[in-house]
Amino acid sequence: MLQFQEILALQNFLWQKRKADKKIGFVPTMGALHEGHLSLIRLSKQENDVTVCSVFVNPTQFNNAEDLAKYPRTIEKDAQMLESVGCDVLFIPEVATMYPEKTTLQFHFGHLESVMEGKFRKGHFNGVALVVSKLFHIVQPHRAYFGQKDLQQFAIIRILVQDLMFPLELIRCPIVRQANGLAMSSRNQRLNLQEQETASHLYKALLRAKAMLESYSVKQIQKAVKEYLLNIKGITLEYFEIADANTLQIIEDLNSFQGDLALCIAAYVSGVRLIDNLIVENFVKK
Ligand code: AMP
């Protein structure tokens, strides 16, 4: 696996590949890699000739300095894991490489900024859109792979690709979970085994909510999720919402909705903020 820290060196390499008509797949990450990330790399390998993974802890998407400082950084292990699944290129730029100047550029994503992750992490999606745009310009991939785990981020990036006409195909990849149901996340490294067990109740809450969709209202399901998690020591619920899985518009009345539903949850476990979601395809209330 080749490693690049500099933009020009990476671009020279990729330019040669593009000239030889090779298809480039791209997986942007913030490192501290786990099986979830590797599933994206594997898919990219299947569908492209060259797979590029970036590891960059993007400061502009953190609205909490402590969260940024505590974000796990395990670059040597990351490189080994990427090598083990046959990733071709690792791009690990410095902050000064990605942000040579202070930026004032602002993106606006309408309602997506005022619900769920947009509401609770002010400025987060602006930072995501900024870094993903820069990375797309640098790598110029044919296909880019993102996880369903960050569903609202996927909706944002879809808008970015459509509105700015990035000539690439976006691919949404399923959530990889631990055996206990907990969605894999770099943040799980900050939890001990007991805390990870506690955190797995987020997924259990989503499954309970899914089972209630047919016979209960949104308000009743929200109340049930809240009560379920109140009984689990160590979890503080931030939000549980039911939304359109593609637009992330909040759904208040299940009777008037038809299509793909997303059950979305965010909570703190031992001071670590976790998110998860479950998609119910082709939902229609009978
Ligand atoms: P991150 O390093 O957290 O920015 O994640 C990089 C990419 O991996 C994003 O597209 C995430 O949605 C995706 N990802 C993170 N966790 C998982 C998971 N458990 N399953 C599948 N994809 C994931």
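Residues numbered from 1 in each chain as written. Predicted model: local features only at pLDDT ≥ 70, side-chain atom pairs only at ≥ 80, totals over all residues. Heavy atoms only, no water.

**Overview of the sheet that holds strand β6 (residues 169-173)**
Backbone hydrogen bonds hold the strands of a sheet together, and the pairing may be parallel or antiparallel.
Logical step 1: With parallel pairing, the six strands of this open sheet are ordered in space as β1-β4-β3-β2-β5-β6. Unpaired on one side and paired on the other, β1 (2-4) and β6 mark the two borders of the sheet. Pairs of neighbouring strands in the sheet enclose a mean axial angle of 25 degrees, with direction left out of account.
Logical step 2: The sheet contact formed by strand β2 (residues 24-29) and strand β5 (residues 143-147) spans two bridges and is parallel. Looking at β5, one finds that G25 is bridged to R143. (Pairing = 2+ DSSP bridges. Helix = DSSP H or I, 4+ residues; strand = E, 2+ residues; numbered from the N terminus. Axes fitted to C-alpha atoms, helices over the stretch in contact; angles between N-to-C directions.)

**Side note on the site of the ligand**
Logical step 1: The environment of the ligand is formed by 16 residues, the closest being M30, G147, D150, V176 and M184.
Logical step 2: H37 places a polar side-chain atom, nitrogen or oxygen, 2.9 Å from an oxygen atom of the ligand.
Logical step 3: In the model, an oxygen atom of the ligand is placed 2.8 Å from a nitrogen or oxygen of the G147 main chain.
Logical step 4: Within the complex, 93% of the 490 Å² of free accessible area of the ligand lies under protein.
Logical step 5: Going through the elements one at a time, β2, α2 (35-47) and β5 are the ones with two or more residues in the shell around the ligand.
Logical step 6: Of the residues forming the shell around the ligand, the biggest block, three residues, is contributed by α2. (Near = heavy atom within 4 Å. Polar contact = N/O pair within 3.5 Å; in protein donor to acceptor, adjacent residues only side chain to side chain. Areas by Shrake-Rupley, 256 points an atom, 1.4 Å probe, with all protein chains shown as cover.)

**Regarding the domain arrangement of the protein**
Accessible area lost on assembly of the parts is the figure often given for the size of an interface.
Logical step 1: What the domain assignment reports for the protein is domain 1 (2-173) and domain 2 (192-284).
Logical step 2: Taken over C-alpha atoms, the centre of domain 1 sits 27 Å from the centre of domain 2.
Logical step 3: Across the boundary between the two partners, domain 1 contributes 15 residues, which contact 17 residues of domain 2.
Logical step 4: Between domain 1 and domain 2 the total buried area reaches about 1400 Å² when both faces are included, carbon and sulfur atoms providing 58% of it.
Logical step 5: On the domain 1 side of the interface with domain 2, the three residues burying the most area are M116, F120 and L151, jointly 38% of the side's total.
Logical step 6: Across the contact surface, domain 1 and domain 2 share one salt bridge.
Logical step 7: Seen at the junction of domain 1 and domain 2, the total is six residue pairs in polar contact (both at pLDDT 80 or more).
Logical step 8: Contributing elements (two or more residues each) for the side of domain 1 that touches domain 2: α6 (116-120) and α8 (151-163).
Logical step 9: For the side of domain 1 that touches domain 2, the element with the most residues is α8, which contributes four residues.
Logical step 10: Taken together, the residues of the side of domain 1 that touches domain 2 break down into six nonpolar, three polar and six charged. (Domains from an automatic or database assignment. Contact = heavy atoms within 4.5 Å. Buried area = accessible area lost by both parts, 1.4 Å probe. Salt bridge = Lys/Arg side-chain N within 4 Å of Asp/Glu carboxyl O. Nonpolar A, V, L, I, M, F, W, Y, C, P; charged D, E, K, R; others polar.)

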